[in-house]
Structure formats: C-alpha cells, structure tokens
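Commentary on secondary and tertiary structure
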Amino acid sequence: MSFQRPKGTNDILPGESEKWQFVEETARLLFRDYQYNEIRTPIFEHYEVISRSVGDTTDIVSKEMYDFYDKGERHITLRPEGTAPIVRSFVEHKLFGPEYAKPYKTFYMGPMFRYERPQKGRLRQFHQIGVEAFDSDNPATDVESMVMALDFFKQLGITQIRLVINSLGDKETRQAYRQALIDYLSPFEKELSEDSQRRLHENPLRVLDSKDKRDQKFVADAPSILDFLSETAQKHFDMVVAMLDALNIPYEIDSTMVRGLDYYTHTIFEIMSDAPKMGAQATICAGGRYDNLVEELGGPQTPGFGFAMGIERLLLTMEAEEVVIPAFNELDAYVVALGEETNIEALKLVQTIRNFGFSADRDFMDRKAKAQFKTADKANAKLVLVIGGDELENQTVTVKSMANRKEKSFSLTEVYEHFDEVYDEMTLFE
C-alpha cells in the first residue's frame, strides 16, 4: 500500500521552503516597521467562534468547515480564516484594556483549513499572512493597512498589481441597500443560479460576488451600494479616498465588490495581480473594516481593520512575474576528508567552524576527492578545507579559496583557535 498526502494538501520540500521563509521573513520585518507584533492562536477553535463571526449563511460555515465533535463532545472546527480567532483572543485576554497601546496592532501567519474543491492556488490546507488593528475608527488606519500591503508586495518584487476599493457602509447603509437589492433581483429570481436564489433572502449582498454567468448579467445593472451610504459612511469613504490621493496611490472603485464574510463594514479592498499567467486567481490580498465583530464575540464596541493574503497564491504571483528570490544557505566552508582515519578530525573541524559562527559542511560518504570538490562547488562553498593522511600526520590542513583559487596550508591549532582570521585572510581578495 502506498501512502499519499490528503487531497488538497501539499508537502513543502527543501528548495521550496526557502521561498516560504523569504516571504515570511519579509512580512515579519516590514510589519514590525509599522509596529505590528505577532500573535499565534490555536489551529482549532470552538465552532461558535467561527459561526458567530463569519456568519451562518456564508459558504465557509455552511459548506467548507472542517468541524467535528471531540472526545468531550465539544463542537470544534479547524480555523478557516484568521480574524475570528484573533478577535476571540483579543476579547478573552482583555487586550482592549487601558494598559495596551491603541490601536492594538497584531499580525499572524499559519495554516487555515477549508473543505473545498482543490485548484491552483486554493487548497484545503492553505497558509495565510494577515494583520489586524483594533480600536481605531480613523480612516487613516484603513489607508495605512492598504499601504502596508502594497509595501509588502513591493519588497517581494511583485509589481503588476492594482488596488480596488469599495465601501459596505454601516448598519443603516446595509439595511437600505439590502432592501434595494432584494427589490431589484426578485423579478429575476427564477433565472438566478441555485446558490443565488438561496442567498437572495439570506444574504443578498453575496449574490454580487457570484462567479456564475447566469447571475453576472443581472449583477452588472444592480443598484450601487455607494448610492445608499449614510452620512457617516459617506464621510468615512470620502476621507479614505482623499488620503489615498494625498499619498499618490492609484486605486479603482468597484461598487459591486463584496467580501465573503459577513463581518465587514465601511472600507473593503482587494489587491489584484495583473500578471498574465495568474488567470482567474487574480486576488492576492483582501481585507477591510469590521466594526462590530469584537462586540459580537462578547467584547466592548471596538472598531477593527485587517487584511489577509494566501502564501500559496503569493508564490504563484512571484513565479508569474519571474521574481528572483535571493539565495539562502550560503556555505562558508566545506571540509574534504580523505580516508577513514580523518573522520574524527573532519568532525572537529566542521564543528569548530560552526562555533565561530560560520556555516560549514563536510563529506560523510567517504568519497573520492574529486566528488567532494564537486559537492563543495555545487553548494557555492567559499572555502574548502582538505584533510588527508599526510595533513593528519603533520597536524595541518590545506585551505583553498574557491573564488580566487588561492591555496595555503595552516596548522590545525591555528584553525581551531583563530578560524575567523584564517577565513578573513583567505577571502579578503576575492
């Protein structure tokens, strides 16, 4: 019997994992510049945390959750997204207290789980990087978050992107618009897709997000939510637009854009990739404001703003734009050991080099000198240290610089006590 990974999951092997590390490290460094700190929440949560936050009528809760009853008969779900667990943690640990900085800014990265049909850039276990900022209803927080996301893509070398924004307004806006949408779509109800017929009365805004051709022709002429914004919502959105203009950031307004989660209010945004090879998976970052979610999970009324992006899709975008990722795993020294009798000395050498803070490797397979040099070359080793029977007898080691082919013999004592000086001497004139 051959065992295989579960459908919709991936093994991230060495060679590929370095790309992931590059993306994650870039995020960590940049988000810290914006004063965001990392939070790590459990991979599974109580079912109610997600259903209350995300909304019972969303596809995520109704179709895609990996939920089960554990041995204590608790209803548990693997987390399908990052915001709800963080809001739960924010409330549970009372991070809204006066002793914490306002806004409270945090970021996360890790696996999420949704039971859906696997396709390119969309898996059942997928990985997200996201940020959340709590307790600021200032439109500047909306804009700062969008700018940070754009900044992140720039740092990764992704350039073929555009920012698309919309407003979902406040409660007052949503109620007025919901009714207008039902009034507009009802005459076409029989012609809508099955999903949209169900959504029309449960959550009509979700019809706007339909990918079904039957629905799209009606959506095209649907009333615009921007015509229904309350005075407060209009003021907030106008300020977001003015701030983006002030920073000279290009954007588009798409009044049919909605989010797949029920908790969003006011500003929402997506960053799309225009790289020709991306096809249908064009959204690489999405987010917005959610001003009622903390209250929904038992906390005080607290505004919030956040975004998330899928790492798998990010890597596809980098591939589509042919971004070159800087090489990691630079090898400072490779020890070529000739003959069985050098085994212990080779081990001592390689550990000494590492103790000096350099990266080092050696041959373990007792191969011929030529094969070992080939390995050193392939690994881009800067120095090669050769120890054979003669060197062992003389208590010396031959050090060769791979860049300038300079070669010199050093005593083992010199290497053990002053490898940093040996390294400098041999690499100085590369």
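The structure presented is a predicted model; accordingly, all values stated were derived computationally and were not measured.

In this section: the domain arrangement of the protein. Entries for the protein in the domain assignment read domain 1 (16-170 + 230-321) and domain 2 (333-427). The gap between the C-alpha centroids of domain 1 and domain 2 is 49 Å.

Moving on, we get to the UniProt feature "binding site: L-histidine" (unreviewed entry) in the protein. When the UniProt feature table is mapped onto this chain numbering, "binding site: L-histidine" (unreviewed entry) sits at Glu81, Gly82, Thr83, Arg114, Gln128, Glu132, Arg259, Tyr263 and Tyr264. Relative to the assigned elements, Gln128 resides in strand 6 (residues 125-134). Here Gln128 is in contact with Glu81, Gly82, Tyr108, Met109, Gly110, Met112, Ala308, Met309, Gly310 and Ile311, once residues within four sequence places are set aside. In this structure, Glu132 sits in strand 6. Beyond its immediate stretch of four places on either side in the chain, Glu132 contacts Tyr36, Gly82, Thr83, Ile86, Tyr104, Lys105, Thr106, Tyr108, Tyr290, Phe305 and Gly306. Of note is the side chain of Glu132, whose polar atom sits 2.7 Å from the side chain of Thr83.

Between side chains of opposite charge, a pair can form when the charged atoms approach closely. Using the criterion set out here, one finds 23 salt bridges in the structure. Between Asp142 and Arg289 there is a salt bridge, and its shortest N-O distance comes to 2.6 Å. Taken together, the residues Asp142 in helix 5 (residues 139-156) and Arg289 in strand 10 (residues 283-289) connect sequence positions 147 residues apart. By relative accessible area, Arg289 is classed as buried at 0%. By sharing partners, the salt bridges in this structure join Glu25, Arg28, Glu38 and Arg40 into a single network.

Closest axis-to-axis distance for the helix 5/helix 9 (residues 231-246) pair is 9 Å, and the angle between their directions is 45 degrees. Accordingly, the angle class assigned to the pair helix 5 and helix 9 is oblique. Helix 5 and helix 9 meet at a crossing whose hand is right-handed. Judged by residue contacts, Pro139, Ala140, Asp142, Val143 and Met146 of helix 5 engage His236, Met239, Val240, Met243 and Leu244 from helix 9. Here the contact of helix 5 with helix 9 is built from residues that sort into eight nonpolar, one polar and one charged.

Let's shift gears to the nonpolar core. With 47 residues, the main nonpolar core has Phe31 and Phe152 as its most contacted residues. Among all residues touching Phe152, those that are not within four sequence positions of it are Val23, Thr26, Ala27, Leu30, Ile129, Met309 and Leu314. Membership of the second largest hydrophobic core comes to 44 residues, among which are Val49, Leu185, Met272 and Ala308.

Looking at where Asp170 falls in the secondary structure, it is placed in the loop between strand 7 (161-167) and helix 6 (171-185). Buried within the structure, Asp170 lacks any salt-bridge partner; Arg174 is the closest side chain of opposite charge, at an N-O distance of 8.5 Å. Only 2.7 Å separates the side chain of Asp170 from the side chain of Ser230, close enough to count as a polar contact. Those residues within four positions of Asp170 in sequence are excluded, and the remaining contacts are Ser230, Thr232, Ala233 and His266.

Calculation criteria
- Residues numbered from 1 in each chain as written.
- Predicted model: local features only at pLDDT ≥ 70, side-chain atom pairs only at ≥ 80, totals over all residues.
- Heavy atoms only, no water.
- Domains from an automatic or database assignment.
- UniProt positions renumbered as here; feature names shortened; annotations may be inferred.
- Helix = DSSP H or I, 4+ residues; strand = E, 2+ residues; numbered from the N terminus.
- Contact = heavy atoms within 4.5 Å.
- Polar contact = N/O pair within 3.5 Å; in protein donor to acceptor, adjacent residues only side chain to side chain.
- Salt bridge = Lys/Arg side-chain N within 4 Å of Asp/Glu carboxyl O.
- Buried < 20%, exposed > 50% of the residue type's maximum accessible area, 1.4 Å probe, protein only.
- Axes fitted to C-alpha atoms, helices over the stretch in contact; angles between N-to-C directions.
- Parallel < 35°, antiparallel > 145°, perpendicular 65-115°, else oblique.
- Left-handed = near helix turned anticlockwise from the far one by under 90°.
- Nonpolar A, V, L, I, M, F, W, Y, C, P; charged D, E, K, R; others polar.
- Core = buried A, V, L, I, M, F, W, Y, C linked by side-chain atoms within 4.5 Å.
- Lys, Arg positive; Asp, Glu negative; His and termini not counted.

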